[in-house]
Amino acid sequence: MEADAVGGTLWRADVVGSLLRPEELLRARERHARDELPTPEFKTVEDRAVESVIRMQERVGLDVVTDGELRRESFQSQMVEATEGFGESTLDAYLWGDWRGEGEVGDRRTERPAGMGVTGKLRRRRFLSVEEFVFARGATDRTVKVTLPSPSLYANFWDPERSREAYPTLDGFLEDVAELLREEVRELVRLGATYLQLDAPHYPLLLDGRTRRFYEERGWSLDRWLSRGIELDNHVIGGRGPGSDVTFAFHLCRGNQGSRWLVAGSYEPLAERIFGSVAAERLMLEYDDERSGDFSPLTHVPPDKVAVLGLVTTKSGRVETEEDLTRRIREASAHVPLERLAISPQCGFATSVIGNALSPEDQERKLETLVRTARAVWGDG
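Residue numbers run consecutively from 1 along every chain, following the written order of its sequence. Predicted model: local features are reported for residues with pLDDT of at least 70 only, side-chain atom pairs are reported and counted for 80 or more only, and whole-chain, interface and lining totals are derived from all residues. Values shown for side chains rest on all heavy atoms present in the structure; no hydrogens or waters enter the calculation.

As recorded in an unreviewed UniProt entry, the chain goes by Cobalamin-independent methionine synthase II family protein and comes from Rubrobacter radiotolerans.

Caption draft 1: Broad picture of the overall build of the chain. What counts as a helix is a DSSP run of H or I of at least four residues, what counts as a strand is a run of E of at least two, and both are numbered from the N terminus. Each helix and strand in the chain was counted, giving 12 helices and 13 strands. In this treatment the radius of gyration is a C-alpha quantity, and the globule benchmark scales as 2.2 Å times the residue count to the 0.38 power. Relative to the compact-globule value of 21 Å for 381 residues, the chain shows a C-alpha radius of gyration of 19 Å, a close match. Dimensions along the principal axes, computed over C-alpha positions, put the chain at roughly 55 × 50 × 50 Å. Here a residue-residue contact requires only that any non-hydrogen atoms of the pair lie within 4.5 Å. Considering only contacts in the chain between residues 6 or more positions apart, those separated by 24 or more positions represent 78%. Per-residue and other accessible areas were derived by the Shrake-Rupley procedure at a 1.4 Å probe size, with only the shown protein chains allowed to occlude residues. When the accessible surface of the chain is split by element, carbon and sulfur atoms take 48% of a total near 14800 Å².

Caption draft 2: Local environment of the environment of Glu58. For Glu58, the location among the structural elements is in helix 2 (residues 39-60). Separated by 274 residues in the primary sequence, Glu58 and Ala332 have C-alpha atoms spaced 28 Å apart. Not counting chain neighbours up to four residues away, the residues in contact with Glu58 comprise Ala139, Thr140, Asp141 and Arg142.

Caption draft 3: Local environment of the packing of helix 11 (residues 322-332) against helix 12 (residues 360-378). It is the contact of helix 11 with helix 12, at a shortest axis distance of 9 Å, that shows an interaxial angle of 55°. Taken as axis vectors, helix 11 and helix 12 run oblique relative to one another. The handedness of the crossing between helix 11 and helix 12 comes out as right-handed. Where helix 11 approaches helix 12, its residues Glu322, Leu325, Thr326, Ile329 and Arg330 are matched on the opposing element by Thr369, Arg372, Thr373, Ala376, Val377 and Trp378. Each residue gets one label: Ala, Val, Leu, Ile, Met, Phe, Trp, Tyr, Cys and Pro are nonpolar, Asp, Glu, Lys and Arg are charged, and the others, such as Gly, are polar. Split by residue class, the contact of helix 11 with helix 12 holds five nonpolar, three polar and three charged. To obtain each axis, a line is fitted to C-alpha atoms, and for helices this fit is confined to the stretch in contact; angles are then taken between N-to-C directions over 0 to 180 degrees. In what follows, roughly perpendicular refers to angles from 65 to 115 degrees, roughly parallel to angles under 35, roughly antiparallel to angles over 145, and oblique to any angle outside these ranges. By definition, any crossing whose near helix is turned counterclockwise from its far helix by less than a right angle is left-handed, and any crossing with a clockwise turn is right-handed.

Caption draft 4: Region of the structure containing the packing of helix 9 (residues 222-237) against helix 10 (residues 268-277). Packing of helix 9 against helix 10 leaves a shortest axis separation of 10 Å and a crossing angle of 15°. One way to sum up the angle between helix 9 and helix 10 is to call them roughly parallel. Crossing geometry of helix 9 relative to helix 10 is assigned as right-handed. Contact residues: Asp223, Leu226, Ser227, Ile230 and Asn234 in helix 9; Leu270, Arg273, Ile274 and Ser277 in helix 10. Of the residues that constitute the contact of helix 9 with helix 10, the class distribution is four nonpolar, three polar and two charged.

Caption draft 5: Seen up close, the side chain of Ser129. Among the secondary structure elements, Ser129 is positioned in the loop between strand 7 (123-124) and helix 5 (130-139). Of the residues examined, Ser129 reaches a relative accessible area of 0% and is grouped as buried. Not counting chain neighbours up to four residues away, the residues in contact with Ser129 comprise Arg72, Gln78, Val146, Thr147, Leu148, Glu184 and Leu188. Classification of residues uses two cut-offs on accessible area relative to the type maximum, computed with a 1.4 Å probe and protein chains only: under 20% is buried, over 50% is exposed, and between them is partly exposed.

Caption draft 6: How the structure looks around helix 8 (residues 209-217). A 3.5 Å cut-off defines polar contacts: any pair of N or O atoms within that distance qualifies, except that in protein one atom must be a possible hydrogen donor and the other a possible acceptor, and neighbouring residues in sequence count only when both atoms are side-chain atoms. Between the side-chain oxygen at the start of helix 8 and the backbone nitrogen of Arg210 there is a gap of 3.0 Å, and the oxygen is on Asp208. Looking at the residues trailing helix 8, positive phi occurs at Gly219, about 115°.

Caption draft 7: The environment of Ala307, seen in detail. Position of Ala307 relative to the elements: it lies in strand 12 (residues 306-312). On the accessibility criterion, Ala307 (0% relative accessible area) is buried. Those residues in contact with Ala307 that sit more than four places away from it in its chain are Leu283, Leu298, Val301, Arg340, Leu341 and Ala342.

Written as structure tokens, this is what we have:
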């Protein structure tokens, strides 16, 4: 860890967000959902699981840790759980799509649930991630990263017919989502958070014609997604206040559930608009295999931003080596100077309660390799 010439603190080894849920926690979640486990007892199991994954991240040497998103059903579910107006939803609200997987994982199609659609004006029941942050902050002396969803991700929950009475337009709905998230940022900063992240996988999904058509049916063209969408992201980021020492990351991936993915393709069609416009200091970019294309889009990373290369896959137990990771970092440095690069996993290890097909031991080994590589390349973790 070192002072960052482009602002804030530069963590050379980073972590995206989610971690594998321990089996004890998954069983407790199921029992709690069936009213077989009282809430206080469930929270005890949840707390214990969070403490365990924080200890693991400390053990491998990470200076940035998360609570693993262990309290969430999905990385984006806490908005729906914490806010009135979204109506009824199931896990498939976050999992639908034509998923592709290698080998035994195989492909899988999940239909978008019928009847989805925001039905009432949004009103906050509670903050989304304050509990997560306050507990994690008290459990470690490392920097705690809090992940939040990009507001336009929730276009998935707006339906032109079902949502008409509450929100006649997609714009009006997403403006309210963005305001709730901005208030969340303000509260987290007030409580001492210094590193926040917006997760925005829906932007790379626009690279695929089928998924792009769905989003265009919400009423926004591709150009609108890359202008108004980023404007809403920046509204959320602005909640940290002017002159703040809070660092923001912006994560872009191509789908990550159960070791499967949704789309492939280079960042090039999106890079200039997104990299240059979003007000985050760190760009968390998926680069674990050929689906992401080459490093040439990194030429669009402006000089005041750090490109965090997601070189370590979370989709399998593939063994990465320091030598291979170092080679790829050197390749990327042809497009962005080495001092403005960092490394991370390509995405979370379990972006929902359905984790990826690897073991907790694989997960720890990958993070340890990440830290060792960062120290070898930059002389710090």
